[in-house]
Amino acid sequence: MVSIVVFINFGGQAILAPAGKTNRGCLLTHCKTLVFLLKAVMMACAETLSIPDADPLEAFKIAVQVFNELRSGGEDPDHVSFGNMLRCAKLLPDGDQKNSVIKSTFSLCARSGFVNEFVVRDLQSTAPEEMWRELLGTPTANEVNMDDLPSHWKSKFEKRKRQPSSSFPRQRNFRR
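Rules of the game
For every chain, the first residue of the written sequence is number 1, and numbering continues from 1 along that sequence. It should be noted that, the model being predicted, local features are given only for residues of pLDDT at least 70 and side-chain atom pairs only at 80 or more, the latter also being counted only at that level, while totals for whole chains, interfaces and linings use all residues. Side-chain measures here rest on the full set of heavy atoms in the structure, leaving out hydrogens and waters. In this analysis a 1.4 Å probe is tested at points of a 1 Å grid over the protein atoms alone, and where it fits but cannot get out there is a cavity; an open set with protein on both sides within 12 Å along at least five of seven lines is a pocket; lining residues have an atom within 4 Å of a point. Grid points are joined across faces, edges and corners, and a volume is the space filled by probe spheres set on the points. Segments assigned H or I by DSSP are reported as helices when at least four residues long, segments assigned E as strands when at least two residues long, and all are numbered from the N terminus. Only Asp, Glu, Lys and Arg are considered charged in this grouping, and only Ala, Val, Leu, Ile, Met, Phe, Trp, Tyr, Cys and Pro are considered nonpolar; every other residue, Gly among them, is considered polar. The aromatic pairing rule takes the rings of Phe, Tyr and Trp, using the six-membered ring of Trp, and pairs them if the centres are within 6.5 Å, calling planes under 30 degrees apart stacked, those over 60 edge-to-face and the rest tilted. With a 1.4 Å probe rolled over the protein chains alone, any residue whose accessible area is under 20% of its type maximum counts as buried; one over 50% counts as exposed, and the rest are partly exposed.

A.B. asks: Can you help me understand the layout of surface pockets in this one?
C.D. replies: With a probe scaled to a water molecule rolled over the atoms, the places where space remains empty come into view. Quantified by volume, the second largest pocket comes out at close to 170 Å³. For the second largest pocket, the full set of lining residues is Phe60, Val64, Phe67, Asn68, Arg71, Met85, Val101, Ser104, Thr105, Leu108 and Arg111. Breaking the lining of the second largest pocket down by element, the ones donating at least two residues are helix H2 (56–72) and helix H4 (96–112). Among the residues forming the lining of the second largest pocket, the class breakdown is six nonpolar, three polar and two charged.

This is the structure in structure tokens:
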């Protein structure tokens, strides 16, 4: 198992590295623990709006850095990564840049096949209603029906959902 150290430099930048290394940057491996940690860092960045005196733009930069590390490190972002990135768009002021981040993140998610209820929820909580309705192709006043979304948007998520995990045995609910 690889041990990971998160360094925070004086500028507040998060630098991820294997334990014992002091190089700048993140060496992303196929270690599931590291992928989980990177997703947790993105989630923490999204939560900085609720922290007094936090710098949301710096948190957004860290989230983008982590998201790009996930994408370039051999592990495809999944619905959790895309949902966290959508939530991180809230860190940006309203305007063209925020709208661009929302649209490009959702488009990449749809092309990658990871749209699910959680991604749709995060899209709806981040984007203006007109935008999320346009992106989802949902007419005004209609609820989002996952079955109406293009199947290729959900393809990898559906494939993963059908495959039982070999890491964890199925748990049964027992009544006492």
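A.B. asks: Explain the packing of aromatic side chains here, please?
C.D. replies: Aromatic ring pairs: the centre-centre distance and the angle between the two ring planes describe each pair. Using the criterion set out here, one finds two aromatic pairs in the structure. A ring pair is formed by Phe67 and Phe82, whose centres lie 5.7 Å apart and whose planes are at 65°; its orientation type is edge-to-face. Within this pair, whereas Phe67 is found in helix H2, its partner Phe82 is found in helix H3 (residues 79–88), the two being separated by 15 residues in sequence. Like Phe67, the residue Phe82 is buried in the burial classification. Both rings, one in Phe106 and one in Trp153, keep their centres 5.4 Å apart while their planes meet at 85°; by these two values the pair is edge-to-face. Pair noted here: Phe106 is in helix H4 and Trp153 is in the loop between helix H6 (129–136) and helix H7 (155–162), with a separation of 47 residues, a long-range link. Across the pair, exposure class does not vary: Phe106 and Trp153 are buried alike.

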